[in-house]
Amino acid sequence: MNLLKSTGTIAGLTLVSRIFGFARDIILARVLGAGAAADAWQLAFQLPNIFRRLFAEGAFSAAFIPLFNRKMEEDEQRTAAQNFAIDVLSVLVPILLVFSAVMMLAMPGIIWLIDDSGQGGRTTDFSIALARITFPYLGLISVTTLFAGILNSLSRFAAAAAAPIMLNLCMISALLLAIALDGGSDPRQAAYFIAISLGIAGILQMTWLYFWARKAGFSFGLHKPKFTPDVKELGVLILPAIFGAGIYQISRFIDLFFLGRLPEGSFVYLAMADRLNQLPLGIIGIALGTAILPALSRFIAKDDQGGAQRLQSNAIELAMLLTIPAAIALFFAAGPLVTSFYVGGNFLASDGQMTANVVAALVVGLPAYVLVKVLIPGFFARKDTKTPVYTAGISLIINISLNLLLIPIYGIVGLAFAGAVAAWCNCAMLYYMLHSRGHFHIELSLLLRIGRITLSAAGMAALLIYAVPIGEGLYDGTIWQRVGAITALVSAGGLVYAALAWLTGAVDRDKITMLTKKKAAEESAQEG
């Protein structure tokens with residue numbers, strides 16, 4: 001597997017999706033603002049998406065791909081792999097139907113619990129209806145994830161990485177329809193439109209991945225659910241993986257309960273801030289984690305520990321080369337970015353300032369979130385889903401404890417910072433466990449490279465501190481003033497970092513060249 005090429009494919013298409021996501025949120029902020037309708041929409045949108053990221057994109061993929069790869073190795077005709085996929089699908093669909101039905105029936109109680117036992121003013125017929133409309137998206141996207149797992153196992157990453165683009169296009173279309181009908185003057189109507197568009201997007205995404213899985217040579221059907229030994233093994237791996245792979249999402253779910261006790265607009269501030277945080281996290285962390293798991297599983301199956309070590313080292317180096325400067329840039333330029341993207345219409349300057357503060361707190365943990373995505377496949381590829389449970393459990397307790405300590409003092413900013421600290425704790429524990437078992441260790445050369453990357457990013461930070469005030473008055477100006485100011489700021493920071501990274505040796509020129517060659521990941525791993 002060409003790690004750089006595979007990561008680039010996923011990251012490039014994810015970038016397109018994130019760009020459309022930004023366009024969606026820019027329109028969303030102006031139409032819904034940060035009031036009651038916006039809070040209701042964010043809550044309704046986050047509920048199925050937290051479960052999606054926790055189960056479908058986290059635990060299910062992590063457990064399914066190694067088992068599916070094993071079936072692929074057993075039978076060159078892929079019959080065993082196809083039968084396994086059909087068995088899983090036949091069990092998965094009824095479970096999703098029952099779970100979704102139960103959640104929709106229980107939605108008034110769920111909203112009531114999140115809403116400080118009904119004291120936060122968010123337990124309304126409107127918010128409950130929105131949540132019921134959006135929740136079936138979980139079932140659709142979970143089936144989609146099975147098709148994506150098959151394609152990723154075949155190192156066909158493009159189709160799955162492109163699927164989220166459909167979601168953003170559907171939601172943008174719904175917002176534009178609301179604007180066309182009444183100029184976007186009725187936030188509640190706009191919220192209903194985008195809620196309905198979520199289900200339409202789920203159907204389109206599932207159909208898209210089904211088409212490409214069929215084109216890859218797999219056919220699908222449903223039969224009476226049977227808990228075969230392979231399906232049972234998958235279930236055994238999924239249950240702890242739900243917790244181990246999803247600390248970020250579990251923390252977000254718990255955050256909903258804390259948010260329900262904060263002032264109106266808190267759901268919106270965190271969601272808008274997390275959009276900026278998710279840009280590098282999705283492009284770099286998820287892309288690398290998705291790309292290395294199939295290859296890492298193959299190295300482990302061949303008992304090639306050297307190959308596994310080199311693959312994860314390369315992934316960490318590439319991740320830090322991109323993530324550290326992204327985190328520092330977001331920290332120092334949060335104000336201009338939030339103002340340029342979101343402030344306008346119903347989203348006020350005061351809303352933008354609060355969102356920028358949340359961004360600065362969130363990105364403190366950005367490198368840790370990405371490292372977790374790179375380290376966890378080291379456990380899942382060895383079919384060890386229990387160890388991440390323990391580390392995630394400890395970091396989750398840390399997160400809750402810090403929330404209780406910091407939220408009364410710093411409000412939503414304290415909540416964001418608590419999650420960042422917990423992510424670093426999780427990252428440290430995961431690395432310690434891999435190192436203590438002899439599965440992976442950070443070599444001195446990698447440590448020195450990360451030091452050079454940090455030094456180069458610090459130089460960029462110095463420039464941003466000087467440059468940010470120069471654009472004051474342009475960040476909330478006309479569209480062209482905003483675009484020009486942000487483009488100049490990002491370009492200047494990026495050029496300074498790139499130049500310093502090249503001069504200090506933060507970029508391993510030989511390795512970048514090597515990673516672009518065919519089957520470079522395996523070749524470089526074998527050298528170790």
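Below is a summary of the structure that appears in this document.

The rules behind these values
- Residues numbered from 1 in each chain as written.
- Predicted model: local features only at pLDDT ≥ 70, side-chain atom pairs only at ≥ 80, totals over all residues.
- Heavy atoms only, no water.
- Axes fitted to C-alpha atoms, helices over the stretch in contact; angles between N-to-C directions.
- Helix = DSSP H or I, 4+ residues; strand = E, 2+ residues; numbered from the N terminus.
- Parallel < 35°, antiparallel > 145°, perpendicular 65-115°, else oblique.
- Left-handed = near helix turned anticlockwise from the far one by under 90°.
- Contact = heavy atoms within 4.5 Å.
- Nonpolar A, V, L, I, M, F, W, Y, C, P; charged D, E, K, R; others polar.
- Core = buried A, V, L, I, M, F, W, Y, C linked by side-chain atoms within 4.5 Å.
- Buried < 20%, exposed > 50% of the residue type's maximum accessible area, 1.4 Å probe, protein only.
- Patch = residues over 30% accessible without salt bridge, like charges linked within 9 Å, V, L, I, M, F, W, Y side chains within 5 Å.
- Areas by Shrake-Rupley, 256 points an atom, 1.4 Å probe, with all protein chains shown as cover.
- Salt bridge = Lys/Arg side-chain N within 4 Å of Asp/Glu carboxyl O.
- Phe/Tyr/Trp six-rings, centres within 6.5 Å; stacked < 30°, edge-to-face > 60°.
- Lys NZ or Arg CZ within 6 Å of the ring centre and 35° of its normal.

### Let's talk about the packing of helix H12 (residues 305–332) against helix H15 (residues 366–375)
Between H12 and H15, the shortest axis-to-axis distance is 8 Å and the interhelical angle comes to 160°. Between H12 and H15, the angle falls in the class roughly antiparallel. Taken as a pair, H12 and H15 cross one another with a handedness that is right-handed. Touching Gln312, Ala315, Ile316, Ala319, Met320, Thr323, Ala326, Ala327 and Leu330 of H12 are Leu366, Pro367, Val370, Leu371, Val374 and Leu375, all from H15. Counted by class, the contact of H12 with H15 contains 13 nonpolar, 2 polar and no charged residues.

### As for the nonpolar core
When a protein is soluble and globular, its nonpolar side chains tend to lie buried together. If you look at the biggest cluster of nonpolar residues, it comprises 118 residues, and the most contacted ones within it are Trp41, Leu47 and Ile316. Counting residues per element, this core draws most heavily on helix H2 (residues 36–74), at 11 residues. Those residues in contact with isoleucine 316 that sit more than four places away from it in its chain are Leu371, Val374, Leu375, Phe440, Leu446 and Ile450. Met72, Ala85, Val88 and Ile150 belong to the second largest nonpolar core, which has 34 residues in total.

### Considerations on a nonpolar patch on the surface
A surface patch of nonpolar side chains, about 510 Å² in accessible area, is lined by Phe331, Phe332, Val364, Phe417, Trp424 and Ile465. Those elements that place two or more of their residues in the nonpolar patch are H12 and helix H18 (412–436). Of note, phenylalanine 331 is situated in helix H12.

### Topic: the packing of aromatic side chains
A complete count under the given rule lists 13 aromatic pairs for this structure. Measuring from centroid to centroid gives 5.0 Å for tryptophan 41 and phenylalanine 45, while their planes differ by 20°, and the two rings are stacked. With tryptophan 41 and phenylalanine 45 both in helix H2 and 4 residues apart, the pair spans about one turn of that helix. In terms of burial, tryptophan 41 and phenylalanine 45 fall into one category: buried. Consider the rings of phenylalanine 99 and phenylalanine 135, whose centres lie 6.0 Å apart with planes at 50°: the pair is tilted. Taken together, the positions of phenylalanine 99 in helix H3 (residues 79–105) and phenylalanine 135 in the loop between helix H5 (125–134) and helix H6 (137–153) put the pair 36 residues apart, joining distant regions of the chain. Between the NZ or CZ atom of arginine 188 and the centre of the ring of phenylalanine 126, over which it lies, the distance is 4.2 Å.

### Notes on the pattern of salt bridges
On inspection of all chains with the given rule, the structure shows 8 salt bridges. One salt bridge in this structure joins glutamate 317 and arginine 449, with 3.6 Å as the shortest N-O distance. One end of the pair, glutamate 317, is in helix H12; the other, arginine 449, is in helix H19 (residues 444–467), with 132 residues separating them in the sequence. Given a relative accessible area of 9%, glutamate 317 falls into the buried group.

### Notes on the side chain of glutamine 42
With respect to the helices and strands, glutamine 42 occurs in helix H2. Assessed through its relative accessible area of 6%, glutamine 42 is described here as buried. In this structure, glutamine 42 is in contact with Leu28, Phe267, Val268, Ala271 and Met272, ignoring residues within four places of it in sequence.

### Here we look at the environment of isoleucine 65
One can find isoleucine 65 in helix H2. Each C-alpha atom, one on isoleucine 65 and one on serine 153, is 6.2 Å from the other, the two residues being 88 residues apart in sequence.

### Thoughts on the environment of alanine 360
Looking at the element boundaries, alanine 360 is found in helix H14 (residues 349–362). Its relative accessible area of 17% is what places alanine 360 among the buried residues. Residues alanine 360 and phenylalanine 331 lie 29 residues apart in sequence; the distance between their C-alpha atoms is 4.6 Å. If near-sequence neighbours (up to four positions away) are discounted, alanine 360 is found in contact with Phe331 and Ala334.

### As for the side chain of arginine 275
Mapped onto the elements, arginine 275 comes out in helix H11 (residues 266–301). Exposure remark for arginine 275: the relative accessible area of 13% places this residue in the buried category.

### Some points on the packing of helix H13 (residues 334–342) against H14
It is the contact of H13 with H14, at a shortest axis distance of 8 Å, that shows an interaxial angle of 135°. What the angle tells us is that H13 and H14 run oblique. Crossing of H13 against H14: the hand is right-handed. The residues of H14 that touch H13, namely those facing Ala334, Gly335 and Val338, are Gly352, Thr355, Ala356, Val359 and Ala360. Residues that form the contact of H13 with H14 fall into these classes: 5 nonpolar, 3 polar and no charged.

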